[in-house]
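Understanding the architecture of this molecule
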Amino acid sequence: MTQKRHWFKYASPTVFYPLAGKLIPWFAIPATILFIVGLYVGFVVAPTDFQQGDAYRIIFIHVPAAWMGMLLYVLLAFYAAIGWAFNARLSSMMASSLAITGAIFTFISLATGSLWGKPTWGTWWVWDARMTSTLILLFLYVGFISLQAAIDDPRRADKAGAVLAIVGVINVPIIYFSVQWWNTLHQGATIRILGKPTIAAPMLAAMLIMLAACWLYSVAVVLYRLRCIILEREQNAAVIAEVAEAA
Amino acid sequence: MDWSMGGYGFYVWGSYLIALVAMGAEVLALVKRTKKLRVQANRLSGFNGK
């Protein structure tokens, strides 16, 4: 019981604020190291693809960005739902914090996908199922951010955002399975949860290292933004005192 | 390493440049936002910043 109460104290924004500050370097520094290692493996160690040449090296940023875009949306919907169901302020703040980073990764996946599509498919964009559903994901992020910004009362903004986030989460499995459900121009999955990957080991290593780097980066910036949101919403003495002490 | 990426340099480097700019802009915006909030919080708490 005491142990449970001990963990619940971190649901309080003012208690979580200093903890988030301590956690940020533990994610930001490994993220930087892994980005450097991932780029080295991706550009120096991984061989040139016999079909796509060096253009395939775009996947080392495109695939992790696409995965992060989807994963962060699922997390956003989860935290928004928890915040709505249990009136947990920190969860709603976490959902708000995840939105911009998720939108940025979705934008990166679309932009890099377009840059990959031109030399390999001969076109910047096609309205196929994978690309269209990913564009809808970006619109969902932008909609969530805009909706929250348009409502002055943060609690009402959280509730409205939660409805949109929960409804929109249905788009994530559509993105993931779109290459199986429809006949699309986009290639199928090269890495499967069950089954052998269809790419060479150094290419797979570079992709996974970049994925880990993107994940660590996301945690660091989401925690950083969460601290900003806590400061904006909970302007009470405890937070102010912490900031004054840190400065 | 072939810097021209076998003739695909524009597409490959362009992709990484977009990612770098997007993520860099996110971090810079956060640093700026934190600085602004610190000034506000310090003003509210009566902290003179020294």
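Throughout this description, residue numbers start from 1 for each chain and increase along the sequence as written. Chains carry letters from A onward and ligands carry numbers from 1 onward, assigned in written order. With the structure being a predicted model, the display of local features is reserved for residues of pLDDT at least 70 and the display and counting of side-chain atom pairs for 80 or more, all residues being used for whole-chain, interface and lining totals. Note: side-chain values were computed over all heavy atoms of the structure, leaving out hydrogens and water.

1. As for the overall build of chain A
Where we set the bar: Secondary structure counts use DSSP, requiring at least four H or I residues in a row for a helix and at least two E residues in a row for a strand, with both numbered from the N terminus. For the exposure calls, accessible area comes from a 1.4 Å probe over protein chains only, and a residue counts as buried if that area is under 20% of its type's maximum, exposed if over 50%, partly exposed in between. Residue burial considers only the protein chains on display, and all accessible areas are found by Shrake-Rupley using a 1.4 Å probe.
If you tally the helices and strands in chain A, you get nine helices and zero strands. Along chain A, helices and strands appear, N-terminal first, in the series α-α-α-α-α-α-α-α-α. A total of 247 residues make up chain A; the buried ones form 47% of that total. When the accessible surface of chain A is split by element, carbon and sulfur atoms take 69% of a total near 12100 Å².

2. Describing the packing of aromatic side chains
Formally: Only Phe, Tyr and Trp rings take part, Trp by its six-membered ring, and two of them pair if their centres are within 6.5 Å. Stacked means planes under 30 degrees apart, edge-to-face means over 60, and tilted covers everything else. Two thresholds decide whether a charge sits over a ring: the Lys NZ or Arg CZ must be within 6 Å of the ring centre and within 35 degrees of the ring normal.
In this structure the tally under the stated criterion is 14 aromatic pairs over all chains. For the ring pair Phe43(A) and Trp13(B), a centre distance of 5.0 Å and an interplane angle of 10° mean the geometry is stacked. Here Trp13(B) lies in helix α1 (residues 9-45) and Phe43(A) lies in helix α2 (residues 13-45), a pairing that spans two chains. Of the residues examined, Phe43(A) reaches a relative accessible area of 7% and is grouped as buried. Here Phe78(A) and Tyr79(A) contribute two aromatic rings whose centre-to-centre distance is 5.4 Å and whose plane-to-plane angle is 75°, an arrangement assigned as edge-to-face. For Phe78(A), a relative accessible area of 46% puts it in the partly exposed group. The class of Tyr79(A) is partly exposed, set by a relative accessible area of 25%. Through successive ring pairs, a cluster of aromatic residues spans Phe43(A), Trp3(B), Trp13(B) and Tyr16(B). The ring of Tyr17(A) carries the charged tip of Arg227(A) above its face, separated from the ring centre by 4.1 Å.

3. A short note on the side chain of Asp54(A)
Residue and element names in this part refer to chain A. Worth spelling out the cut-off: Polar contact criterion, stated in full: a pair of N or O atoms within 3.5 Å, where within protein one must be able to donate a hydrogen and the other to accept it, and residues adjacent in sequence count only if both atoms are side-chain atoms.
Note that Asp54 resides in the loop between α2 and α3 (59-86). A residue is classified by how much of its surface remains accessible, and Asp54, at 8% relative accessible area, is buried. Only 3.1 Å separates the side chain of Asp54 from the side chain of Thr48, close enough to count as a polar contact. Here Arg57 takes part through its side chain, which lies 2.9 Å from a polar atom of the side chain of Asp54.

4. Examining the nonpolar core
Keep this limit in mind: By nonpolar core is meant a set of buried Ala, Val, Leu, Ile, Met, Phe, Trp, Tyr and Cys residues that side-chain atoms within 4.5 Å join together. Whether two residues are in contact is decided by their heavy atoms, any of which lying within 4.5 Å being enough.
Counting residues in each nonpolar core, the largest one holds 75 residues, and the members touching the most others are Phe60(A), Leu76(A), Phe105(A), Ile108(A) and Leu226(A). When residues of this core are traced back to their parent elements, those giving at least two are α2, α3, α4 (89-121), α5 (129-150), α6 (154-168), α7 (171-181) and α8 (201-233) of chain A together with α1 of chain B. Of the residues forming this core, the biggest block, 19 residues, is contributed by α8(A). If sequence neighbours within four positions are ignored, Leu226(A) has contacts with Phe16(A), Leu90(A), Met93(A), Met94(A) and Ser97(A).

5. Overview of the interface of chain A and chain B
Going by this rule: Each of two parts loses accessible area, computed with a 1.4 Å probe, when they are put together; buried area is these two losses added. A carboxyl oxygen of Asp or Glu within 4 Å of a side-chain nitrogen of Lys or Arg is what we treat as a salt bridge.
Across the boundary between the two partners, chain A contributes 38 residues, which contact 30 residues of chain B. Across the chain A/chain B interface, buried area totals approximately 3000 Å², and carbon plus sulfur atoms make up 75% of it. Where chain A meets chain B, there are two salt bridges. One can count six residue pairs in polar contact (both at pLDDT 80 or more) joining chain A with chain B. Broken down by secondary-structure element, the contributors of at least two residues to the side of chain A that touches chain B are α2, α3, α4, α8 and α9 (237-246) of chain A. With 11 residues, the top contributor of residues to the side of chain A that touches chain B is α4(A).

6. Notes on the packing of α3(A) against α7(A)
Residues and elements named next belong to chain A. Operational definition: Axes, fitted as lines to C-alpha atoms, cover a helix only where it is in contact. Angles between the N-to-C directions of the axes lie from 0 to 180 degrees. Convention used here: angles under 35 degrees read as roughly parallel, angles over 145 as roughly antiparallel, angles from 65 to 115 as roughly perpendicular, and any remaining angle as oblique. Handedness of a crossing follows from how the near helix is turned relative to the far one, being left-handed for an anticlockwise turn of less than a right angle and right-handed for a clockwise one. Residue type decides the class: Asp, Glu, Lys and Arg count as charged, Ala, Val, Leu, Ile, Met, Phe, Trp, Tyr, Cys and Pro as nonpolar, and the leftover types, Gly among them, as polar.
The contact between α3 and α7 brings their axes to 10 Å, and the two run at 155°. Between α3 and α7, the angle is such that the two are roughly antiparallel. By crossing handedness, the relation of α3 to α7 is classed as left-handed. Within the contact between the two elements, α3 uses Met70, Tyr73 and Val74 and α7 uses Val172, Ile175 and Tyr176. Across the contact of α3 with α7, the residue classes tally to six nonpolar, no polar and no charged.

7. What to know about the environment of Ala22(B)
Relative to the elements of secondary structure, Ala22(B) occurs in helix α1. Residue Ala22(B) is classed as buried on the basis of its relative accessible area of 14%. Expressed as a C-alpha distance, the spacing of Ala22(B) and Gln40(B), which sit 18 residues apart in the sequence, is 27 Å. When near neighbours in sequence (up to four residues on either side) are disregarded, Ala22(B) contacts Ile104(A) and Ile108(A).

Function-wise, these values are silent; they only describe arrangement.
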